[in-house]
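# A structural walkthrough
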Amino acid sequence: MTLPPGQRAVEGFPRFGTHLHHPPPAIPADPAIAISGHLTEPLTLSLPDLARLPRREIRADFHCVAGWSATNLRWEGVPFATFYRTRIEPALEPGAAISHVSFEGLDGFGSIVTLEDALADDVLLADRLDGRPLDSDHGAPVRLVSPGQYGFINTKHLCRIEFHTVAPPSPDRFSLIASHARARVWAEERHRYLPGRAVRPLYRSLIGPIRALSARGSRVRGR
Ligand SMILES: Nc1nc2c(c(=O)[nH]1)N[C@H]1C(S)=C(S)[C@@H](COP(=O)(O)O)O[C@H]1N2
Ligand SMILES: [Mo]
């Protein structure tokens with residue numbers, strides 16, 4: 001088993017995140033993803049709409065930028081590229097050249113992805129993990145899964161997807177641990193300005209505290 005540079009395998013798949021001390025967000029009765037940006041009219045993708053699109057299953061490892069990797073996860077969902085080609089392209093304003101896509105979760109977490117990275121064939125709008133519907137620790141009802149990019153790209157509890165023709169400003173671009181704009185795991189793109197190797201020790205030191213906080217907010221132990 002080969003992991004990307006600077007990653008170490010962990011047992012299982014911990015709940016983890018920056019919005020982690022809270023319990024997972026409540027899921028609305030009729031969850032839907034609001035779609036906006038350069039469309040002739042705004043769209044809504046409900047779960048039944050999503051279920052009608054062609055599905056795909058992938059097996060992949062999951063790599064958090066802090067340095068842990070969960071191995072051999074089985075995700076099911078709709079390829080992002082299928083959703084984009086069938087639902088978005090036909091609805092775009094004429095001439096709109098989409099370059100970036102932003103994703104937002106019900107807890108306010110968000111990520112920004114280049115269209116090129118989002119269209120990779122292992123990127124899913126995932127609603128099942130290891131043969132079961134996604135639970136709230138791992139992003140119910142639907143999350144982005146992009147195994148070639150660090151965990152923070154993989155926004156859980158999706159409620160909004162927006163399309164852009166220029167890169168939207170990243171909210172953490174001035175922070176000490178500013179996240180890399182592409183975040184590709186094999187190129188070790190952890191930090192926006194510093195080499196991935198150089199930030200390994202700093203990031204690794206965050207795993208313990210973040211794991212403890214994430215577990216506290218978890219559905220299993222928190223209620
Ligand atoms: N909505 C939401 N998505 C999120 C996060 C979060 O806090 N909220 N954390 C990100 C980070 S940093 C990681 S490593 C992964 C962790 O996914 P997991 O909790 O399923 O292990 O989710 C990502 N997506
Ligand atoms: Mo992460």
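In this section: the site of ligand 1. As a structural note, the neighbourhood of ligand 1 is formed by 21 residues, with Pro14, Asp107, His138, Arg143 and Lys156 the closest of them. One of the backbone nitrogen or oxygen atoms of phenylalanine 16 is found 2.9 Å away from an oxygen atom of ligand 1. Take asparagine 154: an N or O atom from its main chain is 3.0 Å from a nitrogen atom of ligand 1. In isolation ligand 1 exposes 530 Å². Once the protein is present, 98% of that is buried. Tallied by class, the residues present in the shell around ligand 1 amount to eight nonpolar, eight polar and five charged.

Let's shift gears to the sheet that holds strand E2 (residues 32-36). Strand order in the open sheet formed by five strands is E3-E2-E11-E6-E7, and the pairing between neighbours is mixed. Each end of this open sheet is capped by a strand with a single partner; those strands are strand E3 (43-46) and strand E7 (110-114). Ignoring which end each strand starts from, the neighbouring axes of this sheet average 20 degrees apart. The pairing of strand E6 (residues 100-105) with E7 spans five bridges and is antiparallel. Counted as the bridge partner of phenylalanine 103 is serine 111 from E7. Packed onto the sheet, helix H2 (residues 80-88) meets E2, E3, E6 and strand E11 (158-164) and runs at close to 65 degrees relative to E11.

This brings us to helix H4 (residues 196-204). Residues of H4 that are buried: Gly196, Val199, Arg200 and Tyr203. All buried residues of H4 fall inside an arc of 140 degrees around its axis, so they share one side. Of the residues in H4, the exposed ones pointing more than 90 degrees away from the buried face are Arg197, Ala198 and Pro201. Buried residues along H4 sit against helix H5 (207-217).

Turning next to the pairing of strand E4 (residues 56-63). Strand direction decides the pairing type here: E4 and strand E5 (residues 68-79), joined by seven bridges, are antiparallel. Bridged to arginine 56 within E5 is glycine 77. Where E4 folds back on E5, the antiparallel hairpin that results is connected by four residues, among which glycine 67 adopts a positive phi of roughly 125 degrees.

Looking now at the packing of aromatic side chains. The final tally for this structure, using the stated rule, is 10 aromatic pairs. Relative to phenylalanine 163, the ring of tyrosine 84 lies with its centre 5.6 Å away and its plane at 40 degrees, an arrangement referred to as tilted. Residue tyrosine 84 is found in helix H2, and its partner phenylalanine 163 is found in strand E11; the two are separated by 79 residues along the sequence. Taken individually, tyrosine 84 and phenylalanine 163 each receive the classification buried, so the pair is uniform in this respect. Here the aromatic residues Phe13, Phe16, Phe62, Trp68 and Trp75 are joined through ring pairs into a cluster of three or more.

This brings us to the environment of glutamate 188. As for its position among the elements, glutamate 188 is in the loop between E11 and H4. Not counting the four nearest positions on each side in its chain, glutamate 188 is found in contact with Pro5, Gly6, Tyr150, Gly196, Arg197 and Arg200.

Procedures and definitions
Residues numbered from 1 in each chain as written. Chains lettered and ligands numbered in written order. Predicted model: local features only at pLDDT ≥ 70, side-chain atom pairs only at ≥ 80, totals over all residues. Heavy atoms only, no water. Near = heavy atom within 4 Å. Polar contact = N/O pair within 3.5 Å; in protein donor to acceptor, adjacent residues only side chain to side chain. Areas by Shrake-Rupley, 256 points an atom, 1.4 Å probe, with all protein chains shown as cover. Nonpolar A, V, L, I, M, F, W, Y, C, P; charged D, E, K, R; others polar. Pairing = 2+ DSSP bridges. Helix = DSSP H or I, 4+ residues; strand = E, 2+ residues; numbered from the N terminus. Axes fitted to C-alpha atoms, helices over the stretch in contact; angles between N-to-C directions. Contact = heavy atoms within 4.5 Å. Buried < 20%, exposed > 50% of the residue type's maximum accessible area, 1.4 Å probe, protein only. Arc of directions from axis to C-beta. Phe/Tyr/Trp six-rings, centres within 6.5 Å; stacked < 30°, edge-to-face > 60°.

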